[in-house]
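Examining the three-dimensional arrangement
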Amino acid sequence: YIFFIRIKHKKIIIFNNLSKLISLKYYYFISRILNIKIVYDYVEFVSSISNRDVPVDIDNPKIFDNVFHNYIDKCIVISDFLLEHVSKNLRNNHLIQIPPTMDYESLNQIKLQSTKEKFFLFCGGAAYDDIINFIILCFKKSKSIENGYQLKLILSGNENQIGNIKRMIKRLDLEKYISIDTEIGYSQLLSLYKSSFALLIPFSNNLQDKARFPFKISEYCASASTIITSDSNQIVRYFTHRKSALIAEIESADDYIKQINYLIDNPK
């Protein structure tokens, strides 16, 4: 197929985001034969992904980040951390940094949920149990419950991962206040974003969170709901505390609770 497109259109570019080195080498081999440029989309520091047991298609993650540049022509990076890492091996004119983007106009067409519920919302993988546990504990210790707020968790993951979160909620006797959804349409998800009192996305101080810049943040922004997050490198570059987001000290439950309570006290 690539050969056919190459002959038909003369000039084409291959965009690649595979984190399996042997697959990247395969496309690189094809690109050399057909004289095609490969642009790699670098959005995760691959060797850090196993920190949270996230299933990815990799053969040797510790090698990938240090050698993948040998099999590409140019690179798009999503964060300052990845830019610094790749710039050691690629010239500046072969690199560009682009943050996650979102079509705001399409989200403007999404209607709000017809509900009187007041709720905080987190959306993410159940494998990020450290982040989810952090959110649950902050919600429990904040003024949320006494002021009639709920917490909605929109989670993806396997049965065991979801079960671990459910058991924690039950252990803390929070089943009346926290709901979990695992199967939800994209339009409905965006509608919930727009209907929420605040959208939660704390970060950890680990290598994976230093390197990443979740696409979800651009969805959160487009929804126009308040974002409560942490002062990771990418957040403080793009957001200002109490102007475009509420930003807590990273991994500080006390400060995150403080931001939740501030919003409850100052909803306007």
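In case you missed it, the structure is sitting above this.
This structure is a prediction, so every number in the text was calculated from the model and none was measured.

Basis of the calculations
- Residues numbered from 1 in each chain as written.
- Predicted model: local features only at pLDDT ≥ 70, side-chain atom pairs only at ≥ 80, totals over all residues.
- Heavy atoms only, no water.
- Phe/Tyr/Trp six-rings, centres within 6.5 Å; stacked < 30°, edge-to-face > 60°.
- Lys NZ or Arg CZ within 6 Å of the ring centre and 35° of its normal.
- Buried < 20%, exposed > 50% of the residue type's maximum accessible area, 1.4 Å probe, protein only.
- Helix = DSSP H or I, 4+ residues; strand = E, 2+ residues; numbered from the N terminus.
- Pairing = 2+ DSSP bridges.
- Right-handed = clockwise from strand over helix to strand, strands pointing away.
- 1 Å grid on protein atoms, 1.4 Å probe; cavity = no way out; pocket = protein on both sides within 12 Å on 5 of 7 lines; lining within 4 Å.
- Points joined across faces, edges and corners; volume = space filled by probe spheres on them.
- Nonpolar A, V, L, I, M, F, W, Y, C, P; charged D, E, K, R; others polar.

We now examine the packing of aromatic side chains. A complete count under the given rule lists 14 aromatic pairs for this structure. Three or more aromatic residues link up through ring pairs in this structure, and these residues are Tyr 40, Tyr 42, Phe 64 and Phe 68. Note that Lys 118 overlies the ring of Tyr 149, its terminal NZ or CZ placed 4.4 Å from the centroid. In this structure, Lys 152 packs its charged tip against the face of Phe 119, placed 5.2 Å from the ring centre.

So, about the pairing of strand E5 (residues 118-125). With seven of its eight residues buried, E5 lies for the most part within the structure. Bridge analysis of E5 against strand E6 (residues 149-156) gives eight bridges, and the strand direction is parallel. Residue pairing across strands places Cys 123 opposite Ile 154, the latter belonging to E6. One crossover worth recording links E5 to the parallel E6 by way of helix H6 (residues 129-141), and it is right-handed. For E5 and strand E8 (residues 198-201), the ladder comprises two bridges, and the chain directions are parallel. Following the sheet pairing, Leu 121 is matched in E8 by Leu 199.

Time to look at the layout of surface pockets. In this structure, the largest pocket encloses a volume near 410 Å³. Listing elements by their share of the lining of the largest pocket, those giving two or more residues are E5 and helix H9 (207-211). Of the residues forming the lining of the largest pocket, the biggest block, three residues, is contributed by E5. Residues of the lining of the largest pocket, tallied by class, amount to 13 nonpolar, four polar and four charged. Lining the second largest pocket are 13 residues, and of these Thr 226, Arg 242, Lys 243, Leu 246 and Leu 263 sit closest to its centre. Elements with a minimum of two residues in the lining of the second largest pocket: strand E9 (226-230) and helix H12 (253-265). The class makeup of the residues in the lining of the second largest pocket is six nonpolar, four polar and three charged.

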